[in-house]
Structures are given as structure tokens and as C-alpha cells.
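# What the coordinates show
As a plain string of letters, each chain reads:
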Amino acid sequence: MQSDIALGIAGGIMAMALGAVGSGLGTGAAASAAIGAWKRCYAQGKQAPFILLSYVGAPITQTLYGMILMFTIKDVAKSPDLIPGSGLAMLLMGAFAGLSLGVSAWLQGRAGAAAADAHGETGSGLSNNLSALGIIETVAIFTMVFTLIASGEMKADKTAAGDLPEAPVATAVAE
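### Digging into the nonpolar core
Judged by nonpolar contacts, the single largest core of 15 residues is most densely connected at A34, W38, L52, Y55 and A116. Ignoring sequence-local partners within four residues, the contact set of W38 consists of A48, P49, L52 and L53. Among the nonpolar cores identified, the runner-up in size contains 14 residues, and V76, M93, A97 and L101 belong to it.

### Describing helix α4 (residues 87–122)
The end-to-end C-alpha distance of α4 is 52 Å, a good match for the 52 Å that 36 residues give at a rise of 1.5 Å each. Following α4 by one or two positions, G123 adopts a phi angle in the positive range, close to 75°.

### A closer look at the packing of α4 against helix α5 (residues 126–152)
Packing of α4 against α5 leaves a shortest axis separation of 9 Å and a crossing angle of 175°. For the element pair α4 / α5, the angle class is roughly antiparallel. Mapping the contact onto sequence places M93, A97, S100, L101, S104, L107, Q108, A111, G112, A115 and H119 in α4 and L126, N129, L133, I136, E137, V139, A140, T143, T147, A150 and S151 in α5. Looking at the contact of α4 with α5, its residues break down into twelve nonpolar, nine polar and one charged.

### Let's talk about the pattern of salt bridges
For the coordinates displayed, the defined rule picks out two salt bridges. The partner of R40 in a salt bridge is D117, with the nearest N and O atoms 2.5 Å apart. Of this pair, R40 sits in helix α1 (residues 2–43) while D117 sits in helix α4, and the two are 77 residues apart along the sequence. We note a salt bridge from D75 to K74, for which the minimum N-O separation is 3.2 Å. D75 gets classed as partly exposed once you look at its relative accessible area, which sits at 45%. With relative accessibility at 27%, the residue K74 sits in the partly exposed group.

### With respect to the packing of α1 against helix α3 (residues 61–77)
Two elements in contact, α1 and α3, have axes separated by 8 Å at closest approach and are oriented at 180°. Classified by the angle their axes make, α1 and α3 are roughly antiparallel. Mapping the contact onto sequence places I5, G8, I9, G12, I13, A15, M16, G19, A20 and S23 in α1 and Q62, T63, G66, M67, L69, M70, I73, K74 and A77 in α3. A class-by-class count of the residues in the contact of α1 with α3 yields eleven nonpolar, seven polar and one charged.

### Structural notes on the side chain of S151
With respect to the helices and strands, S151 occurs in helix α5. The buried category is assigned to S151, whose relative accessible area is 2%. At 2.8 Å, the side chain of S151 forms a polar contact with the backbone oxygen of L148. For S151, the residues in contact, after removing those within four places along its chain, are T72, I73, V76 and M93.

### Some remarks on the side chain of T143
Looking at where T143 falls in the secondary structure, it is placed in helix α5. Reaching out from T143, the side chain makes a polar contact with the side chain of S100 at a distance of 2.7 Å. Setting aside residues no more than four positions away along its own chain, T143 makes contact with A97, S100 and L101.

Quick notes on the rules
- Residues numbered from 1 in each chain as written.
- Predicted model: local features only at pLDDT ≥ 70, side-chain atom pairs only at ≥ 80, totals over all residues.
- Heavy atoms only, no water.
- Core = buried A, V, L, I, M, F, W, Y, C linked by side-chain atoms within 4.5 Å.
- Buried < 20%, exposed > 50% of the residue type's maximum accessible area, 1.4 Å probe, protein only.
- Contact = heavy atoms within 4.5 Å.
- Helix = DSSP H or I, 4+ residues; strand = E, 2+ residues; numbered from the N terminus.
- Expected span 1.5 Å × (residues − 1).
- Axes fitted to C-alpha atoms, helices over the stretch in contact; angles between N-to-C directions.
- Parallel < 35°, antiparallel > 145°, perpendicular 65-115°, else oblique.
- Nonpolar A, V, L, I, M, F, W, Y, C, P; charged D, E, K, R; others polar.
- Salt bridge = Lys/Arg side-chain N within 4 Å of Asp/Glu carboxyl O.
- Polar contact = N/O pair within 3.5 Å; in protein donor to acceptor, adjacent residues only side chain to side chain.

Remember, this is a structural readout, not a statement about activity or role.
What follows is the structure, encoded as C-alpha cells:
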């Protein structure tokens, strides 16, 4: 049972950490492009659009989703209702969820980099660009929600058939 708890906690940490790695890669890519776009604006004597920071910050939410998963998986792992032997399942769940979050953040940052470059040059396209980033964000949101649902399945069902009270037996009324 202690190993199940340890594996579950490790899975939760992996979900957060891999999401954070992707956020770092994604924000780094988008920030580099935003800085380049600002440099071009300064060189042309144009005002640098502050809104480019919205593209830079978009991938950071995957770290938050990973943190939510970390705390939830940790709580499930420490639950007295934990299904024995489910530690490995929680470890794998956290690892794959974290990988999904990380890849989503990384690719969202790459798309944010293209958006920052285009917006810096044209001064337009904010709603289209943010819509594209939002679609990528949806992958991370789905990952978080489905992992939260799956983590609840690691607890034993308290209403198992043996725990239910017996139903009263119906008897026919004889005339």
C-alpha cells in the first residue's frame, strides 16, 4: 500500500513537471518571437504592441493544469479508499497526462511565436491568432478533465453490492 501511495504521488508530480517543461519551451519560443517583432517595430519607428505578451503567456496555463492534476492525484493516492495495486496506474496516468500537457504547451508556444511575428508586422489578427491558440489550449483542458475523471476511478466503490442494505421482499396479498 505504501508503494501505491509513493507511485501515485510520483505520477502527480510528473503531470505537473512535464506540463511545466512544455510551458517553459512554449513561452520561450513565443517570447523570442515577440522580442524579435518588437525589435522590428523599434527599428521602423513604430510603437511596439504590448498585446504580444498574450501570445507569450498562453502556454503557461498547462503548468496550472498539471498542478491541479498533481494535487488531485496525490489526494487520491493518500485516500483510504485507494484500490490496492493502483499505484502503477496512477504513475502512468500522471506521466501520460503530463506529456500531453507539455506537448500542448510547447506547440502552443510555437504557434504563439508565429502569431507574435505576424501581429508585430501587420498590427492585426489578434482574434484569429488567439482563436488558434485556444484550440491548442483545448487539448490541455481535455487532458486535465479526462485525467481528473480517471483518477476518481482509482478509489474503491463504496456502494459495492455487498454494502447495500437488503431490499424488502414484496409479498402478494392473498384474497
